[in-house]
Amino acid sequence: MTASSSVVKLTARTALKNNWLKAIAACMSVISVFIIISGIASLVSFVGGDIAAYICEAVLGFLLLLPLCHGLIRFFWRLLFGADDSPLSVFYFFSGKAEYLRAMHIITALCLRLVFFGIILYIPALIVDIFGGVKIYDLIPLWTSNLYYLSLFLKTVAAVLLFFIMLRYYAAPILSVADEDMDAAEAVHMSSVIYKRTMLDFIYLFFSFLGWLLLSLTVIPIIFAMPYFMASVCVHTRFAVAEYNSFEELKRN
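The present account deals with the structure reproduced in this document. (Residues numbered from 1 in each chain as written. Predicted model: local features only at pLDDT ≥ 70, side-chain atom pairs only at ≥ 80, totals over all residues. Heavy atoms only, no water.)

**Regarding the overall build of the chain**
- When its secondary structure is counted, the chain shows ten helices and zero strands.
- Dimensions of the chain, computed from the C-alpha atoms along their principal axes, are close to 65 × 45 × 35 Å.
- Within the chain, buried positions represent 41% of all 253 residues.
- When contacts within the chain are restricted to residue pairs at least 6 apart in sequence, those whose partners lie at least 24 apart make up 73%.
- Carbon and sulfur atoms make up 72% of the accessible area of the chain, which amounts to about 14,500 Å² in all. (Helix = DSSP H or I, 4+ residues; strand = E, 2+ residues; numbered from the N terminus. Buried < 20%, exposed > 50% of the residue type's maximum accessible area, 1.4 Å probe, protein only. Contact = heavy atoms within 4.5 Å. Areas by Shrake-Rupley, 256 points an atom, 1.4 Å probe, with all protein chains shown as cover.)

**Some words on the packing of aromatic side chains**
- For the structure shown, the criterion picks out 15 aromatic pairs.
- Residues W77 and F81 carry aromatic rings whose centres are separated by 5.2 Å and whose planes lie at 55° to one another, so their mutual orientation is tilted.
- On the numbers, 3.8 Å between centres and 10° between planes, the contact of Y170 with F202 is stacked. Note that Y170 is positioned in the loop between helix 6 (147-167) and helix 7 (172-178) and F202 in helix 8 (residues 184-208), a separation of 32 residues in sequence. Neither residue differs from the other here; Y170 and F202 are each classed as buried. (Phe/Tyr/Trp six-rings, centres within 6.5 Å; stacked < 30°, edge-to-face > 60°.)

**Quick word on the side chain of R102**
- Relative to the elements of secondary structure, R102 occurs in helix 3 (residues 97-131).
- Nearest to the buried, unbridged R102 among oppositely charged side chains is E180, at 5.7 Å.
- Of note is the side chain of R102, whose polar atom sits 2.3 Å from the backbone oxygen of S176.
- Contacts of R102, omitting those with residues within four sequence positions, involve S176, D179, E180, D181 and M182. (Lys, Arg positive; Asp, Glu negative; His and termini not counted. Salt bridge = Lys/Arg side-chain N within 4 Å of Asp/Glu carboxyl O. Polar contact = N/O pair within 3.5 Å; in protein donor to acceptor, adjacent residues only side chain to side chain.)

**Side note on the environment of F131**
- Within the secondary structure, F131 is located in helix 3.
- Judged by its relative accessible area of 38%, F131 falls in the partly exposed class.

**Some details on the packing of helix 3 against helix 6**
- Running from N to C, helix 3 and helix 6 point in directions that differ by 165°, and their axes come no closer than 9 Å. It follows that helix 3 is roughly antiparallel to helix 6 by the angle criterion. As helix 3 runs across helix 6, the sense of the crossing is right-handed. Every residue of helix 6 that contacts helix 3 at L110, R113, L114, F117, G118, L121, Y122, P124, A125, V128, D129 and F131 is listed here: L147, L150, S151, L154, K155, A158, A159, L161, L162, I165 and M166.
- Looking at the contact of helix 3 with helix 6, its residues break down into 18 nonpolar, two polar and three charged. (Axes fitted to C-alpha atoms, helices over the stretch in contact; angles between N-to-C directions. Parallel < 35°, antiparallel > 145°, perpendicular 65-115°, else oblique. Left-handed = near helix turned anticlockwise from the far one by under 90°. Nonpolar A, V, L, I, M, F, W, Y, C, P; charged D, E, K, R; others polar.)

**Concerning the nonpolar core**
- One finds L72, F76, I106, Y170, L175, V188 and M226 to be the most contacted residues of the largest nonpolar core, which totals 63 residues.
- Within the residue set of this core, elements represented by two or more residues are helix 1 (5-16), helix 2 (20-80), helix 3, helix 6, helix 7, helix 8 and helix 10 (222-252).
- If you tally residues by element for this core, the top one is helix 2, at 18 residues.
- With sequence-adjacent residues up to four places away left out, I106 is seen in contact with H70, A172, P173, S176, A184, A187 and V188. (Core = buried A, V, L, I, M, F, W, Y, C linked by side-chain atoms within 4.5 Å.)

**Digging into the pattern of salt bridges**
- This structure, assessed with the given rule, holds three salt bridges.
- The partner of D84 in a salt bridge is K22, and the shortest N-O contact between them spans 2.6 Å. Of this pair, D84 sits in the loop between helix 2 and helix 3 while K22 sits in helix 2, and the two are 62 residues apart along the sequence.
- We classify D84 as exposed; its relative accessible area is 66%.

**Let's talk about helix 3**
- Between its first and last C-alpha atoms helix 3 spans 48 Å; for 35 residues at 1.5 Å apiece the expected length is 51 Å, and the two agree.
- In the structure, helix 3 departs most strongly from a straight axis at I123, where the bend amounts to approximately 45° and where the proline P124 lies between one and four residues downstream.
- Listed as buried for helix 3 are R102, A103, M104, I106, I107, A109, L110, G118, L121, A125 and V128.
- Residues of helix 3 that are buried sit in contact with helix 2, helix 6, helix 7 and helix 8. (Expected span 1.5 Å × (residues − 1). Bend = angle between axes of the 7 residues up to and from the residue.)

**Focus: the side chain of N19**
- Mapped onto the elements of the fold, N19 is located in the loop between helix 1 and helix 2.
- When its relative accessible area of 18% is taken as the criterion, N19 is described as buried.
- A polar contact is formed between the side chain of N19 and the backbone oxygen of A15, at a distance of 3.0 Å.

Spelled out as structure tokens, the structure:
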């Protein structure tokens, strides 16, 4: 068992104690880029329709926002070890080709897994949607009238399962920035291994932030919740890695 959520949060608050303004500024950089991308997608929707807007948002999110988020993870990881980085260091992975490609390797590895598991889990709902289509409904309305609710149920189940499946990779981006010699495949694998030992601890930590996440829906609290959450996840991962290394050392001895 890793450190409790209360210990993780206390350690995170300690790390943020004299760095709140920098942490908020770093998070605001990411939030600002997200807003800009959403605005661009909205403009595209006027010209090319909703599908073009979704494609634009997905491409810009993948190529710009996710590497920026990876830089934000790096910022908070280094903050835990006393680094005095500027908030603009969240753009670290845009500083050169090698850095950008390194970020994209781990991002691509995780996105491919998200798409793969997402397709598999949503297939039942898609099949139900096909049978609930207008043309089929006109032919056999008696048994297709309630397929909407079945589809909604299947999509909800798929979303929950996908969420918990992807949680196993929560440590991969952090491991990638913690060890620059670790490739994407190794980071993903190590995250899965660590998650087996820390699953319940991380899930409990995540849901302990549920109140903060709900408050963040009102927008303003997110500038405080986001740094707190990011720092806590990094602290938890540091404890998890230390516990894993200790366990491996005991096995060798």
